[in-house]
Amino acid sequence: MNVLGIETSCDETGVALYNAERGLLSQALYSQVDLHATYGGVVPELASRDHVRRLLPLVKEVLASAGIDKPDAVAYTAGPGLAGALLVGAGTARSMAFGWDVPAVPVHHMEGHLLAPLLEEGGPDFPFVALLVSGGHSLILQASALGDYLPLGESVDDAAGEAFDKVAKMLGLPYPGGPNVAALAEKGDPGRFQFPRPMTDRPGLDMSYSGLKTFTMNTIRACLKEAGLSVEGKISGDALPEQDKADIARAFEEAVVDTLVIKCRRAMEQTGLKTLVMAGGVSANKRLRASLAQALSKEDVTVFYPRPEYCTDNGAMIAYAGALRLLQEKGESLEISVRPRWPLVELSQPSSSTL
Ligand code: KG4
Ligand code: ZN
């Protein structure tokens, strides 16, 4: 069974073909990073229009490189994400499925991220604890089986990726923020600033990142003053000496990483499980990967994370999630609907896995 996967929830057009017996046959990704860079963030209308332009050529490319004329199903991201961008993928996917007379499978974007590490050879088995950290979500959940996801904790305000992106803007770094903050942090002095570890002094697994943004802004202001630079009007860390910026980026990154490590360690204790799966764009962060693996190895926990291209948005995770879901799902109406807001816990659990 060949499943074509379509991802258009934000600023990446991702297409892939997954074969249930042979694994991933081909994939292609078009990133809109350059398109949005001028604006410092994703412009939803531009994103939708660009998905319209890129999607069909990518579908043709993926099918041709796999040597397949027609897949057996089309899986697409139905939410959460940007409404217009989702509609481009959903409309195109369902039209193709209708034309080919094959099923169309709506996929939850975060379930795609959650299952991405299972795409790898030697990937984890259920049950596991999952840390899902992306631009729109920060959550820790217990994944007992496909579709059986128990939320253990989440961010009460900004998502971790969103905080990285906002701090990047404060420091005058280009979009996308996360990788740029991480690169700059490499040159930073870890001992210069001590940022707080929000919500770690109380029990529970919820997280908060908006206070770290304020702390970052206050630190930028103090550094500007120290350097004799203006702190009038709209403050930007762009004017700061490179070393100041790097030290701030380092302190911020370490605070986010430490917080996530503390929460994950608690989640492992609470559930008694020995497998932690990281997914979502922020799981590409090297310091987070290394710190989690190191901290949890002492507790005999194995940490799985996908290769970097499966951490951020891609078509492979959607094709794969669609394949896993396909045989359990009931026939769907021809109505094209998307869910820009869609809590992962509202996903139903299939009665049994057939793959
Ligand atoms: O999963 P993703 O591609 O899209 C969403 O579903 O949101 O995640 C994108 C997020 C962005 O906020 C980006 O800044 C962050 O992941 N990100 C990183 C890194 N790479 C991507 N954050 C920290 N360090 C990274 N290396
Ligand atoms: Zn994503």
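Our subject is the structure listed above.
Values in this document were obtained by computation on a predicted structure and should not be read as measured data. (Residues numbered from 1 in each chain as written. Chains lettered and ligands numbered in written order. Predicted model: local features only at pLDDT ≥ 70, side-chain atom pairs only at ≥ 80, totals over all residues. Heavy atoms only, no water.)

**Q** For this particular structure, what's the right way to read the coordination of the zinc ion (ligand 2)?
**A** Ideal geometry at a metal gives 109.5 degrees between four tetrahedral donors and either 90 or 180 degrees between six octahedral ones. Surrounding the zinc ion (ligand 2) are the protein donor atoms His 109 (NE2), His 113 (NE2) and Asp 313 (OD), which sit 2.0 to 2.1 Å from the metal. Along the chain, the residues donating to the zinc ion (ligand 2) are arranged with the sequence spacing H-x3-H-x199-D. Here Asp 313 lies in the loop between α10 (308-311) and α11 (315-326) and His 109 lies in helix α4 (residues 109-115), a separation of 204 residues in the sequence. Overall, the relative accessible area of 6% leaves His 109 in the buried class. (Donors = N, O, S within 2.8 Å, 3.2 Å for Na, K, Ca; no water. Helix = DSSP H or I, 4+ residues; strand = E, 2+ residues; numbered from the N terminus. Buried < 20%, exposed > 50% of the residue type's maximum accessible area, 1.4 Å probe, protein only.)

**Q** I would appreciate a short explanation of the pairing of strand β4 (residues 73-79) in the present structure.
**A** Looking along a regular strand, one sees side chains alternate from face to face of the sheet. Within β4, seven of the seven residues are buried, leaving the element largely enclosed by the surrounding structure. In this structure, strand β1 (residues 2-7) lies alongside β4, joined through four bridges in parallel fashion. Bridge pairing in β4 links Leu 4 to Val 74. As judged from the five bridges shared by β4 and strand β5 (residues 104-108), these two strands associate in the parallel manner. From the neighbouring strand, Gly 79 faces β5, where its bridge partner is His 108. (Pairing = 2+ DSSP bridges.)

**Q** What am I meant to see in the sheet that holds β4 here?
**A** Two modes of strand pairing occur in sheets, parallel and antiparallel, and in both the strands are linked by backbone hydrogen bonds. Taken in spatial order, the five strands make up an open sheet running β3-β2-β1-β4-β5, and their pairing is mixed. Two strands in the sheet have a free side with no partner beyond their single neighbour: β3 (23-31) and β5. Here the strands of the sheet are splayed against their neighbours by 20 degrees on average, with no regard to which way each runs. When β1 meets strand β2 (residues 12-19), the two strands line up antiparallel, connected through six bridges. Within the sheet, the bridge partner assigned to Asn 2 lies in β2 and is Asn 19. Contacting β1, β4 and β5, helix α3 (residues 83-100) crosses the sheet at an angle of about 160 degrees to β4. Here α11 sits on the sheet in contact with β1, β2, β3, β4 and β5, set at roughly 130 degrees to β1. (Axes fitted to C-alpha atoms, helices over the stretch in contact; angles between N-to-C directions. Contact = heavy atoms within 4.5 Å.)

**Q** Looking at this model, I keep getting lost on the nonpolar core. Mind explaining?
**A** Buried together is how nonpolar side chains tend to be arranged in soluble globular proteins. In this structure, Leu 4, Ile 6, Val 74, Leu 141 and Tyr 149 are the most contacted members of the largest nonpolar core, which totals 60 residues. The greatest single-element share of this core, amounting to nine residues, is contributed by α11. Residues in contact with Val 74, not counting those within four places in the same chain, are Leu 4, Ile 6, Ala 93, Met 96, Ala 97, Trp 100, Val 102, Pro 103, Ala 104 and Val 105. Formed by 51 residues, the second largest nonpolar core is a distinct cluster that contains Val 167, Ala 246, Ile 248 and Cys 264. (Core = buried A, V, L, I, M, F, W, Y, C linked by side-chain atoms within 4.5 Å.)

**Q** Explain the sheet that holds strand β10 (residues 302-304) here, please?
**A** Spatial ordering of the open sheet is given by β8-β7-β6-β9-β10, a layout of five strands whose pairing is mixed. In this open sheet, the two edge strands, each paired with only one partner strand, are β8 (148-154) and β10. Averaged over all adjacent pairs, the angle separating strand axes in this sheet is 25 degrees, with direction ignored. Alignment of strand β6 (residues 128-133) against strand β7 (residues 138-145), held across six bridges, turns out to be antiparallel. Along β7, the bridge assignment pairs Leu 132 with Leu 139.

**Q** I keep staring at the packing of aromatic side chains and nothing clicks. Help me out?
**A** For any pair of aromatic rings, the description consists of the separation of the ring centres together with the inter-plane angle of the planes. Counted according to the given criterion, the structure contains four aromatic pairs. Look at Phe 164 and Phe 252: their rings are 5.1 Å apart centre to centre, the planes differ by 80 degrees, and that puts the pair in the edge-to-face class. Placement of Phe 164 in helix α5 (residues 160-170) and of Phe 252 in helix α8 (residues 242-271) is noted, with a sequence separation of 88 residues between them. Residues Phe 164 and Phe 252 agree in their burial class; the two are buried. Its guanidinium or amino end placed over the ring of Tyr 30, Arg 54 lies 4.0 Å from that ring's centre, counting from NZ or CZ. (Phe/Tyr/Trp six-rings, centres within 6.5 Å; stacked < 30°, edge-to-face > 60°. Lys NZ or Arg CZ within 6 Å of the ring centre and 35° of its normal.)

**Q** How should I be thinking about the site of ligand 1 in this particular structure?
**A** Looking at ligand 1, there are 18 residues lining it, with His 113, Gly 135, Asp 165, Gly 178 and Gly 281 nearest. Interatomic distance of 3.1 Å between a side-chain N/O atom of His 109 and an oxygen atom of ligand 1. Between Asn 285 and ligand 1, the recorded distance is 3.0 Å, taken from a side-chain N or O atom to a nitrogen atom. Relative to its free-state accessible area of 550 Å², ligand 1 is covered by the protein chains to the extent of 87%. Secondary-structure elements contributing two or more residues to the shell around ligand 1 are α4, α5 and α6 (177-185). Residue contributions to the shell around ligand 1 peak at three residues, all from α5. (Near = heavy atom within 4 Å. Polar contact = N/O pair within 3.5 Å; in protein donor to acceptor, adjacent residues only side chain to side chain. Areas by Shrake-Rupley, 256 points an atom, 1.4 Å probe, with all protein chains shown as cover.)

**Q** Would you mind going over the side chain of Glu 111 with me for this structure?
**A** With respect to the helices and strands, the residue Glu 111 is situated in helix α4. Side-chain polar atoms of Glu 111 contact the side chain of Tyr 149, separated by 2.5 Å. Apart from residues no more than four positions distant in its own chain, Glu 111 is found in contact with Leu 146, Gly 147, Tyr 149, Arg 325, Leu 344 and Leu 347.

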